[in-house]
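# Geometric and topological summary
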Amino acid sequence: MANETTWAGLRAIAPMLATPGPLPSAAQDELFGYEVKWDGVRAVGYLGKDRFQLVSRNDRDITAAYPELAPEHGRRRGLVVDGEIVAFDANGRPSFATLQQRMHVRDEARIARLSERTPVVYIVFDVLHVGARSLIDEAYHARREVLGSLDLAAEPSWRVPEYQAGDGGGLYAATREEGLEGVIAKRLESTYQPGRRSADWIKVKHVRTQEVVVGGWTPGEGRRRGAIGSLLLGIPVAGDGKCGALEFVGLVGTGFSEQTLADLGKRLDALATERSPFPGRVPAAIEREAHWVRPTLVGEVVYAERTRDGMLRTPSWRGLRPDKAPDDVKVE
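Throughout, residues of each chain are indexed from 1 in the direction in which the sequence is written. Since the coordinates come from a predicted model, pLDDT governs what is reported: local features require at least 70, and pairs of side-chain atoms require 80 or more to be given and counted, while whole-chain, interface and lining totals use all residues. Working from all heavy atoms in the structure, the side-chain values ignore hydrogens and water.

### Focus on helix H1 (residues 96-103)
How we decide: Partly exposed describes any residue whose relative accessible area lies between the buried limit of under 20% and the exposed limit of over 50%, with all areas from a 1.4 Å probe on protein chains only and scaled to the type maximum. Runs of H or I in DSSP of at least four residues are treated as helices and runs of E of at least two as strands, each being numbered from the N terminus. Note on contacts: a residue pair is in contact if any heavy atoms of the two residues lie within 4.5 Å.
Counting buried positions over the 8 residues of H1 gives 6, a clear majority of the element. Buried positions along H1 lie against strand E5 (41-48), strand E7 (79-87), helix H2 (108-117), strand E8 (120-130) and strand E21 (316-320).

Below, the structure written as structure tokens:
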């Protein structure tokens, strides 16, 4: 997709990324617009004449996985929009765990069943192109004004939530009360910066999450005998010249369902290797039990805090992130 023309000479647009951080200060508050942070999968949507595509952050066409998102109106608009695919739990809250049921399915018949049983919605929060007009270099508040004029919420499975100018603290408190993930603060005058992680967008979460690369596993005991007990987690080592090298940041042994463990077992068996992807020291007791794998799988954990030596304290598994590549993983 990255090198493929979509229409009118327009090429694929890599999504702009947010930087983790605190809310803007009181003095800066009015310079930002605030949105709810949705707990889903990022996707850029392309709507051309008789054509619709959803492309993930790591440049994969994921349109077929979410057939209910295909627009019923406006196929001839010639739009590029940015948003997030979100599933909701029984309480009506965004749920990454629920979305996991949809993320790895390839069978068309099963996808069709899941689209009815576990539907998703497309939360659209930015517009990057309208017809022959590019909005990339226009300010965030101007793009949101255009987005609001497009009536995209007429699509049955699309939502266009409003943003709030200023009072980030109020929205942050409200999202905590509602059990949501947090907020995104976006500088009102900022342009769209494709593929960049920019301080013009700040993600402020209520819980600590970290994307990680799986570098190995240790066997389970008791009920998990013969299966995975824990995953060895790593963060790519920056600038060391070693392809695939990871910095060890700990083990995760909770947050798995039986189905998740079975799926991970198959995936990790296919990635087995004799060589550790961790060039630094892994504790000897862990290393003696470890089964190494090629570091290609990206997942996400929630954790309490990071220790002085960089370990994740009490991490719990949230799920795989097939929308992200190991090079995308950074310390949050």
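After presenting the structure, the write-up continues.
### Some details on the packing of aromatic side chains
The line we're drawing: Pairing of aromatic rings covers Phe, Tyr and Trp, the last through its six-membered ring, and needs centres within 6.5 Å; plane angles under 30 degrees mean stacked, over 60 mean edge-to-face, and all others mean tilted. The rule is short: NZ of Lys or CZ of Arg within 6 Å of the ring centre and within 35 degrees of the ring normal puts a charge over the ring.
Under the counting rule described, the total for this entry stands at 7 aromatic pairs. Where Tyr122 meets Trp158, the ring centres are 5.1 Å apart and the plane angle is 90°; that geometry is what we call edge-to-face. Here the residue Tyr122 occupies a position in strand E8, and Trp158 occupies one in strand E10 (residues 158-159), the gap between them amounting to 36 residues. For the pair Phe248 and Phe278, a centre-to-centre distance of 5.4 Å together with 85° between the ring planes defines the contact as edge-to-face. Of this pair, Phe248 sits in strand E16 (residues 246-252) while Phe278 is found in the loop between helix H5 (258-270) and helix H6 (284-289), placing the two residues 30 residues apart along the sequence. Overall, Phe248 belongs to the buried group, its relative accessible area being 8%. For Phe278, a relative accessible area of 5% corresponds to the buried category. A connected cluster of aromatic rings, assembled from ring pairs, spans Phe52, Tyr122 and Trp158. The side chain of Lys186 reaches across the aromatic face of Trp201, ending 3.8 Å from its centre.

### Considerations on the environment of Ala12
Position of Ala12 relative to the elements: it lies in the loop between strand E2 (10-11) and strand E3 (17-20). Residue classification places Ala12 among the partly exposed positions, given a relative accessible area of 23%. On a C-alpha basis, the gap between Ala12 and Phe52 in space is 13 Å, while along the polypeptide they are 40 residues apart.

### Notes on the sheet that holds strand E12 (residues 182-187)
Put simply, the test is: Strands were regarded as paired on the criterion that DSSP finds at least two bridges between them. Orientation is described by lines fitted to C-alpha atoms, with helices fitted over the stretch in contact, and by angles between N-to-C directions that extend from 0 to 180 degrees.
One open sheet holds the 5 strands; their spatial order is E3-E13-E12-E4-E11, and the pairing between them is mixed. The open sheet has two free edges, formed respectively by E3 and strand E11 (164-165), since each of these has just one partner strand. Pairing geometry for E3 and strand E13 (residues 197-205), over 4 bridges, is parallel. By the bridge assignment, Pro20 is partnered in E13 with Lys203. Here helix H3 (residues 140-148) sits on the sheet in contact with strand E4 (32-37), E12 and E13, set at roughly 55° to E4. Against the sheet, helix H4 (residues 168-177) makes contact with E4, E11, E12 and E13, and its axis sits at roughly 5° relative to E4, the strand it touches most.

### Looking at the nonpolar core
Cut-off, in case you're wondering: By nonpolar core is meant a set of buried Ala, Val, Leu, Ile, Met, Phe, Trp, Tyr and Cys residues that side-chain atoms within 4.5 Å join together.
Core analysis: the biggest nonpolar cluster contains 32 residues, and Val212, Leu231, Leu233, Leu268 and Trp317 have the highest contact counts within it. Only strand E14 (208-219), strand E15 (228-236), E16, H5, strand E18 (298-303) and E21 provide two or more residues apiece to this core. Residues in contact with Trp317, not counting those within four places in the same chain, are Val212, Val214, Leu231, Val252, Thr254, Gly255, Phe256, Thr260, Leu264, Gly299, Glu300 and Val301. Within the second largest apolar cluster, 26 residues are counted, among which are Ala43, Ala65, Tyr122 and Leu135.

### Quick notes on the pattern of salt bridges
Two side chains of opposite charge can pair, provided their charged atoms sit close to one another. Spelled out, the test is: Salt bridges, as used here, are contacts in which a Lys or Arg side-chain nitrogen is within 4 Å of a carboxyl oxygen on Asp or Glu.
Going through the model one piece at a time under the given rule, you end up with 15 salt bridges. A salt bridge links Lys186 to Glu35; the shortest N-O distance between them is 3.2 Å. A residue pair is termed long-range when its members are at least 10 positions apart, and Lys186 in strand E12 and Glu35 in strand E4 qualify at 151 residues. Glu35 shares its class with Lys186; the two are buried. As a salt-bridge pair, Arg318 and Glu300 come within 2.3 Å of each other at their nearest N and O atoms. Residue Arg318 is found in strand E21, and its partner Glu300 is found in strand E18; the two are separated by 18 residues along the sequence. When its relative accessible area of 4% is taken as the criterion, Glu300 is described as buried.

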